[in-house]
Amino acid sequence: MNPIDGTLGVCRAINRLTLIGLGVLIWGGVMIVLIDITLRLFGSSLGGTDEISGYIMAIVAAWGMGYTLTALGHIRIEALRDRCGTNFKLVLDVLAIAAVAVVITLIAFKGWPVVETSIRNQSRANTPLETLLWTVQLPWFIGWIWFAVVAWVQFLASLVLIAQGKAERAMQLIGMPNEGQIDP
């Protein structure tokens, strides 16, 4: 196995495991909400289910984006790309994945000071649960880091593939799903 396929395979394997974990997390959140709804029928409540479900959604969104990138599932506007030849489509695809990698890296770098401040100050949510914010922000932040790693891996892998004369394989990696999607 060549290094590109090995690296992409590791990303896909981590993404698959992540999806299972995210599914369990969502399932747990749903169960908490259902228990709370049931308790409300009897005049009681767990309290904080809206807060907990919000935290779950933030973590799921951050971690799910890396998988979505490898599955070519992010929404793209293709008005210009559809009218271009294969070579120009590849140029646009490389520019798109490069832009994603740069922007997500910037977002991740800007996320760390938020987490760091919450850890240093032992900041708590101003809600009845008084959640230690870093306990939610840290997995959220790591999800953004993972998204950035996946974006950079795909960008660099596409450049290597192009340099090796494997433009079609690069398009399968970073292009549109209808052009030959690689199994995420």
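Please refer to the structure placed before this passage.
In this text the structure is predicted, and so the values were computed from the model without any measurement.

1. Re empty space enclosed by the protein
Under the counting rule described, the total for this entry stands at one cavity of 30 Å³ or more. Along its surface, the largest cavity is lined by ten residues, and Leu 8, Arg 12, Thr 70, Gln 154 and Leu 173 are the ones closest to its centre. Broken down by secondary-structure element, the contributors of at least two residues to the lining of the largest cavity are helix H1 (3-41), helix H4 (133-163) and helix H5 (167-174). Sort the elements by how many residues they give to the lining of the largest cavity and H1 lands first, with three residues.

2. With respect to the nonpolar core
Leu 8, Leu 69, Trp 144 and Leu 173 are the most contacted members of the largest nonpolar core, which totals 34 residues. Listing elements by their share of this core, those giving two or more residues are H1, helix H2 (49-70), helix H3 (86-121), H4 and H5. Examining the composition of this core, we find that eleven residues originate from one element, H4, more than from any other. Excluding residues within four positions of it along the chain, Leu 69 makes contact with His 74, Ile 97, Val 100, Phe 147, Val 150, Ala 151 and Gln 154.

3. Re the pattern of salt bridges
Under the counting rule described, the total for this entry stands at two salt bridges. The partner of Arg 169 in a salt bridge is Asp 5, and the shortest N-O contact between them spans 2.4 Å. With Arg 169 in helix H5 and Asp 5 in helix H1, this residue pair connects regions lying 164 residues apart in the sequence. Take Asp 5: its relative accessible area is 28%, and that puts it in the partly exposed class. In this structure, Arg 40 engages Asp 36 in a salt bridge whose closest nitrogen and oxygen atoms are separated by 2.7 Å. Within this pair, Arg 40 and its partner Asp 36 are both found in helix H1, separated by four residues, close to a single helical turn.

About the criteria used
- Residues numbered from 1 in each chain as written.
- Predicted model: local features only at pLDDT ≥ 70, side-chain atom pairs only at ≥ 80, totals over all residues.
- Heavy atoms only, no water.
- 1 Å grid on protein atoms, 1.4 Å probe; cavity = no way out; pocket = protein on both sides within 12 Å on 5 of 7 lines; lining within 4 Å.
- Points joined across faces, edges and corners; volume = space filled by probe spheres on them.
- Helix = DSSP H or I, 4+ residues; strand = E, 2+ residues; numbered from the N terminus.
- Core = buried A, V, L, I, M, F, W, Y, C linked by side-chain atoms within 4.5 Å.
- Buried < 20%, exposed > 50% of the residue type's maximum accessible area, 1.4 Å probe, protein only.
- Contact = heavy atoms within 4.5 Å.
- Salt bridge = Lys/Arg side-chain N within 4 Å of Asp/Glu carboxyl O.

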